[in-house]
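Listed here are the chains, written in short residue letters.
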Amino acid sequence: MAQAKQALAQLQREAEQRRDRAAAVRGLASVADSYAVAVVPQHRARMRTLAAVRRRAFIARLHELVAFVRGTSADEDERTLDNPAPLGSVSTAVVVTTCSACRGKCCGNGGNHAFLRTRTIREFMAVNTSLTDDAVVDAYVSYLPARSMHPGCVYQGQHGCTLPRAMRSSICNAYVCGGLQHVLDETAARTARGEVTRGVYVALRDGRTLAGGRLRELPVLSSD
C-alpha cells in the first residue's frame, strides 16, 4: 500500500512537470499553476458497432429488473450508492474536462448491464407511473447508441454516456476515481483561496507510468 501511494505521488509530480512544459509551449508559463493536474487511467477501448448479442443481453437484463420491481418492495432492492449532491459549476466543468479526456475507463466496467440496479429502475418507474413494463424497457433501449466503446458500457458513446443522468445508476453518478477526486479537492482548495482554475492538465496513466497528457481549458457549461 505504501509503495502504491509513493508511486502515485511520483506520477503526480511528473504530471505537474509535464503541465509546466505544456503551458510554456503555449505561452502560458506565467499561469501554469492555474491549471489543476489530474492523473487518470488510460482507456484503450475503441468505438465499434453495438453488437446484436450485447443489445439482446442488455434488454434481457432490463426485463429482469422491471419484473423484479413489479413484484417486490424497495426493501428488497440491492444496496447501492446514494446519488451525490449537485456539484458547483467549476467542479462540474472539471469533471467534464477530466472524464472526457480519460474516455471513461471506470465506465467501461458497465459492460452489458450499465450498472443498472433494481433501485435505479424503481426510481424511474416511480416518476413515470403511466409507463407499461415494455415502455420502461423501451425508454432505456431508446438511448442505446449505434456505436459504443468495446470493451465498455453499452451506453459509452463517442461523446460520453448517452443515457440521461436522471436514468443512470447512482453508481455512475456518484463514483469518483482517485485521480478525479484529487483534482476536485485541488480545485475546491483553489476556490477557497480565491484563485481561478483555468483548466486541467489531464495526464493519462498506464500502470505506473504516464502514457501522455494534455492541457485542457475548462468548458463554459450551459445553465439550462
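Cut-offs applied
- In every chain, residue numbers begin from 1 and rise along the written sequence.
- With pLDDT at 70 or above as the cut-off, local features in this predicted model cover only qualifying residues; side-chain atom pairs require 80 or more to be listed or tallied, and sums for whole chains, interfaces and linings still use all residues.
- Hydrogens and water molecules were not included; the side-chain quantities draw on all heavy atoms of the structure.
- Only DSSP runs of H or I reaching four residues or more are called helices, and only runs of E reaching two or more are called strands; each is numbered from the N terminus.
- Relative accessible area decides the class of each residue, using a 1.4 Å probe on protein chains only: under 20% of the type maximum gives buried, over 50% gives exposed, and in between gives partly exposed.
- Working rule for contacts: check all heavy atoms of both residues, and any pair within 4.5 Å makes them a contact.
- Only the protein chains shown count as cover for residues, with accessible areas throughout obtained via the Shrake-Rupley method and a probe of 1.4 Å.
- A pair is scored as a salt bridge if a Lys or Arg side-chain nitrogen falls within 4 Å of a carboxyl oxygen belonging to Asp or Glu.
- Any pair of nitrogen or oxygen atoms within 3.5 Å is treated as a polar contact; in protein, a donor-acceptor pairing is required on top of that, and neighbouring residues in sequence qualify only through side-chain atoms on both sides.
- The charged-residue count follows a simple rule in which Lys and Arg add positive charge and Asp and Glu add negative charge, with His and chain termini not counted at all.

Asks: So, the overall build of the protein chain: which residues are in play, and what are the values?
Replies: Secondary structure summary: the protein chain contains 7 helices and 7 strands in total. Among the 224 residues that make up the protein chain, the fraction classed as buried is 40%. For the protein chain, restricting intrachain contacts to residue pairs at least 6 apart in sequence, the fraction spanning at least 24 positions comes to 77%. Looking at the protein chain as shown, the accessible area adds up to about 12,700 Å², and 53% of this sits on carbon and sulfur atoms.

Asks: How would you explain unusual backbone geometry if you had to name every residue and give the values?
Replies: With an omega dihedral of 0 degrees, the bond running from H150 to P151 counts as a cis peptide bond. Of note, P151 is situated in the loop between β3 (147-150) and β4 (156-157). Not every positive phi belongs to a glycine, and A114 is a case in point at roughly 55 degrees. Turning to its location among the elements, A114 is positioned in the loop between α3 (89-102) and α4 (118-127). Unlike most non-glycine residues, F115 shows phi in positive territory, near 65 degrees. With respect to the helices, strands and loops of the structure, F115 is situated in the loop between α3 and α4. Assessed through its relative accessible area of 15%, F115 is described here as buried.

Asks: Report on the pattern of salt bridges, specifying residues and quantitative values.
Replies: Overall, the coordinates contain 11 salt bridges when judged by the stated rule. Between D33 and R19 there is a salt bridge, with its nearest N and O atoms 3.3 Å apart. Of this pair, D33 sits in the loop between α1 (2-25) and β1 (35-41) while R19 is found in helix α1, placing the two residues 14 residues apart along the sequence. Relative accessible area serves as the criterion here: at 56%, D33 is assigned to the exposed category. One salt bridge in this structure joins R70 and D133, with 2.5 Å as the shortest N-O distance.

Asks: Provide a residue-level description of the environment of T118, including the pertinent values.
Replies: By the secondary structure assignment, T118 is in helix α4. For T118, a relative accessible area of 5% corresponds to the buried category. In this structure, the C-alpha to C-alpha distance between T118 and V66, residues 52 residues apart in sequence, is 7.5 Å. The contact partners of T118, leaving out residues within four places of it in the chain, are L65, F68, V69, D77 and E78. From its side chain, T118 meets the backbone nitrogen of E78 in a polar contact 3.4 Å long.

Asks: Mind laying out the side chain of R168, listing which residues take part and the relevant values?
Replies: Position of R168 among the secondary structure elements: in the loop between β5 (160-161) and α6 (170-174). Despite being buried, R168 has no salt bridge partner; E123 is the closest side chain of opposite charge, sitting 13 Å away. With residues up to four places along the chain from it excluded, the contact list for R168 reads T120, C161, L163 and N173.

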